[in-house]
Amino acid sequence: MKMNLASWFYLGTLLSSIGSFTFNICLVAFMVQGGFDLFHVSLILGLQRLVPIIVAGVFGHVTDSISPRLTIVAAELGAAAASFGILWAWGLGHDGYWLLVAFSLIKTSIVSFQAGSKAKITKLLADTSYASNASHAIWFNKATQGATLFAGLCAWPILKYSTFDTAIWFDLATFTANGIIVFFLPIAEPAIERAASFAESVFAKFADFYRYNSRAAVLDLLLAISMMGTTSFTARLVGDDQKWMALLIGIYGVAVWLAGYIERSNFLSERSSSLWIGLAVSYAMLGYFSGMGWITVGLALSKDTFYWLILHRISAHIQVDTPQEKMGAVTSARMTQMVVVLASGELLVGAWSKVFPVLADGLWRAAFCALVLGLLTLPRFQAKQRAGYARL
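What counts and what doesn't
Residues numbered from 1 in each chain as written. Predicted model: local features only at pLDDT ≥ 70, side-chain atom pairs only at ≥ 80, totals over all residues. Heavy atoms only, no water. Helix = DSSP H or I, 4+ residues; strand = E, 2+ residues; numbered from the N terminus. Rg over C-alpha atoms; globule rule 2.2 N^0.38 Å. Buried < 20%, exposed > 50% of the residue type's maximum accessible area, 1.4 Å probe, protein only. Contact = heavy atoms within 4.5 Å. Areas by Shrake-Rupley, 256 points an atom, 1.4 Å probe, with all protein chains shown as cover. Lys, Arg positive; Asp, Glu negative; His and termini not counted. Charge placed at Lys NZ, Arg CZ, Asp CG, Glu CD. Patch = residues over 30% accessible without salt bridge, like charges linked within 9 Å, V, L, I, M, F, W, Y side chains within 5 Å. Salt bridge = Lys/Arg side-chain N within 4 Å of Asp/Glu carboxyl O. 1 Å grid on protein atoms, 1.4 Å probe; cavity = no way out; pocket = protein on both sides within 12 Å on 5 of 7 lines; lining within 4 Å. Points joined across faces, edges and corners; volume = space filled by probe spheres on them. Nonpolar A, V, L, I, M, F, W, Y, C, P; charged D, E, K, R; others polar. Disulfide = S-S within 2.5 Å. Core = buried A, V, L, I, M, F, W, Y, C linked by side-chain atoms within 4.5 Å. Phe/Tyr/Trp six-rings, centres within 6.5 Å; stacked < 30°, edge-to-face > 60°. Lys NZ or Arg CZ within 6 Å of the ring centre and 35° of its normal.

Moving on, we get to the overall build of the protein. If you tally the helices and strands in the protein, you get 17 helices and zero strands. Against the globule reference of 21 Å for 392 residues, the protein gives a C-alpha radius of gyration of 21 Å, in line with a compact fold. In terms of overall dimensions, the protein has a C-alpha envelope of 60 × 55 × 35 Å along the principal axes. The buried share of the protein, reckoned over its 392 residues, is 53%. Intrachain contacts of the protein at a sequence separation of at least 6 include 87% that bridge at least 24 residues. Only carbon and sulfur atoms are counted for the fraction: they give 71% of the accessible area of the protein, which is about 17,100 Å². Each charge class in the protein can be summarised by its mean position, and for the 27 positive and 21 negative side chains these summaries are 7 Å apart.

What follows is the structure, encoded as structure tokens:
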């Protein structure tokens, strides 16, 4: 029964994620096609990155004080309602640009707020073992970030044969479908300590994030630094032929699922250093073999797979060590830290792209991974291996 609940929950999450990613892909393409200048396109994309940081950082812990199931239902249906506003604003053409921005940010804010509730349900679906928590953490990653693979497949026919209205309706439909699915799931929810959660300060969630598993939290930060500015870095890798960009985005989605399968097989459960070595070598090779078509694609798959092997494992350790009543707060702190680092990296990579060659961009990432590898060997940073846990 529990696995059946989990299957429906992750299916709904996957559908909602596919709709959101498809919308974002089509938004950029159709805005450019519709004659909007690059500044206005970049502005709406930048604000969509900024808003989740504010929402998660300031309000994320509030999700620990309310029903996660009802929060998701309300958020999904609220995002669907905001999609009607986006549809109306798009119909106004250039005159409706600021309305398009406003409704898009409302939708993004609603979606960001519920992240902690989804993570809490993932925790509730698992038992107390590491294996169960790892399985659910991996499935949650696949149902969210792994949706990029399917979003690309959905966006292609819309871009080729239809209009942006279709992408909006598709996004609206997936929000509604997930809201209905979660509403009918009989998920047992524990009693909620409202006063304790509402009294928690904005900064306390970050202290909790580093308190329950400081090693995993630090590695999460270091991994994000190695991946910072990934979109700009990927654009540099493909060179002048930007048609490869879409393929590399799809490869990223493939890596989420591939790494999940490998991690669940426990084939590399006793190896942690080798994952960082693989990531370092992939970065170095990517810098050297950038703009070389299928060779670049193969190396990008290697890089993304090692990245997700590490991230899946970090996610599992964080989930199993975080109390259920703190999952919303810890998830929002983790999300804020990750998005700040990744988004800041886009600015940095863009700034130094005219100064440093792509080889240097790959080599500094490889060198950083090597430093992390050295850190893992320090006695102070080494952790006692727990029975049944994958080595972090």
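Moving on, we come to a nonpolar patch on the surface. There is a patch of nonpolar side chains on the surface, built from L50, I54, V58 and F59 and spanning about 340 Å² of accessible area. Here V58 is to be found in helix 2 (residues 38-59). Note on V58: relative accessible area 34%, which makes it partly exposed.

Turning our eyes to something else, we now look at the pattern of salt bridges. Two side chains of opposite charge can pair, provided their charged atoms sit close to one another. Applying the stated rule across the entire model yields eight salt bridges. In this structure, K326 and D208 form a salt bridge, with 3.7 Å as the shortest nitrogen-oxygen distance. With K326 in the loop between helix 15 (294-321) and helix 16 (327-352) and D208 in helix 10 (residues 204-212), this pair connects stretches of sequence that are 118 residues apart. Taking the shortest distance from any N to any O, the salt bridge between E263 and R313 comes out at 2.8 Å. Highlighted residues: E263 in helix 13 (residues 243-264) and R313 in helix 15, separated in sequence by 50 residues. Look at the salt bridges and you will find they share partners, linking D208, R211 and K326 into a network.

Quick look at empty space enclosed by the protein now. Applying the stated rule across the entire model yields two cavities of 30 Å³ or more. Size it by volume and the second largest cavity reaches roughly 40 Å³. At the level of secondary structure, the elements contributing two or more residues to the lining of the second largest cavity comprise helix 4 (97-113), helix 5 (115-125) and helix 16. Sorting elements by how many residues they give to the lining of the second largest cavity places helix 16 first, with four residues. Considering only residue class, the lining of the second largest cavity consists of four nonpolar, seven polar and no charged.

Here a disulfide denotes a covalent bond joining the sulfur atom of one cysteine to the sulfur atom of another. With the rule as written, the count across this model stands at zero disulfides. The structure places no disulfide on C26, whose sulfur is separated from the nearest cysteine sulfur, that of C154, by 9.2 Å.

Let us look at the nonpolar core. One finds L219, L223, W276, L279, Y307 and W308 to be the most contacted residues of the largest nonpolar core, which totals 45 residues. Among the elements of the structure, helix 11 (214-227), helix 12 (230-238), helix 13, helix 14 (273-288), helix 15, helix 16 and helix 17 (358-377) are those that each provide at least two residues to this core. It is helix 15 that contributes the most residues to this core, 10 residues altogether. The contact partners of L279, leaving out residues within four places of it in the chain, are L223, S226, K303, F306, Y307, I310 and C369.

For the rest of this paragraph, the subject is the packing of aromatic side chains. In total, this model carries 20 aromatic pairs according to the counting rule given. Plain terms: the ring middles of F30 and F164 are 6.0 Å apart, the flat faces sit at 40° to each other, and that makes the pair tilted. Linking F30 in helix 1 (residues 2-33) with F164 in helix 8 (residues 164-183), this pair joins segments that are 134 residues apart in sequence. Judged by its relative accessible area of 1%, F164 is buried. Judged by centre distance (6.0 Å) and plane angle (25°), the ring pair of F36 and W90 falls under stacked. One end of the pair, F36, is in the loop between helix 1 and helix 2; the other, W90, is in helix 3 (residues 68-91), and 54 residues separate them in sequence. Assessed through its relative accessible area of 18%, W90 is described here as buried. An aromatic cluster is defined as three or more aromatic residues linked by ring pairs; in this entry it consists of F23, F30, F36, W90, Y97, W98 and F164. The ring of F23 carries K107 above its face, with NZ or CZ at 3.4 Å from the centroid. Positioned above the aromatic ring of W139 is the side chain of K142, whose terminal nitrogen or guanidinium carbon lies 3.7 Å from the ring centre.

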